[in-house]
Amino acid sequence: PRAVIIWGFINDVFRSTPEEVESKLVRSRENLNAMIEKARSRGIIPIVATEVTLPVGDSWSDRIAGWVGALRGKKGYQDYINGHVVEMNHWVRRIAAEKKLTVLDFEKVLADSKGRRKPEYATQDGTHLSPQAYEALTDYTRHMNLGI
């Protein structure tokens, strides 16, 4: 291939206990770097993509639960996951700038004003991408100058 899109680390966050999430993110960064270098060593253009956040419920009951949790010093599961996703996406953008790589900023394509995935871009389980999400990502990617 002339190019490869390197996208994905969300399962490293999802499938980690709070005690192991940092080590899993270190491993994710190492793996992404290795894939970038492996592609380049074979003359393949690496293109990196940011991960998408999870939607967070926005009903009155969701808001009240969020406020009560915040008062008790708790963070909701989606906010916990999203915090790690956003942190890792900052790293992806930074490493892409350092290595002069194209970034497909999927996080921003699907996010609302608070940085959370818009509900219409999630399936009913709240985690997987909906057909509308794939359409939005496809439209976005078609309009990018990928240099290939």
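Below, the structure is looked at part by part. It should be emphasised that the depicted structure is a prediction, and the values quoted were computed from it without experimental measurement. (Residues numbered from 1 in each chain as written. Predicted model: local features only at pLDDT ≥ 70, side-chain atom pairs only at ≥ 80, totals over all residues. Heavy atoms only, no water.)

What follows covers helix H2 (residues 21-41). When the terminal C-alpha atoms of H2 are compared, their 30 Å separation across 21 residues agrees well with the 30 Å that a helix rising 1.5 Å per residue should span. Considered for burial, the residues of H2 that qualify are Val-21, Lys-24, Leu-25, Ser-28, Arg-29, Leu-32, Ile-36 and Ala-39. When H2 is viewed along its axis, its buried side chains cluster within an angular range of 145° and face the same direction. Counted as exposed and oriented over 90 degrees from the buried face of H2: Glu-30 and Ser-41. Positioned one or two residues after H2, Gly-43 has a phi angle of 75°, which is positive. (Helix = DSSP H or I, 4+ residues; strand = E, 2+ residues; numbered from the N terminus. Expected span 1.5 Å × (residues − 1). Buried < 20%, exposed > 50% of the residue type's maximum accessible area, 1.4 Å probe, protein only. Arc of directions from axis to C-beta.)

Moving on: unusual backbone geometry. A positive phi angle, close to 55°, is found at Lys-100, a residue other than glycine. Within the fold, Lys-100 resides in the loop between helix H4 (77-99) and strand E3 (102-104).

Evaluated as defined, the whole model comprises two aromatic pairs. Aromatic ring contacts, followed pair by pair, group Trp-7, Phe-106 and Tyr-140 into a single cluster. (Phe/Tyr/Trp six-rings, centres within 6.5 Å; stacked < 30°, edge-to-face > 60°.)

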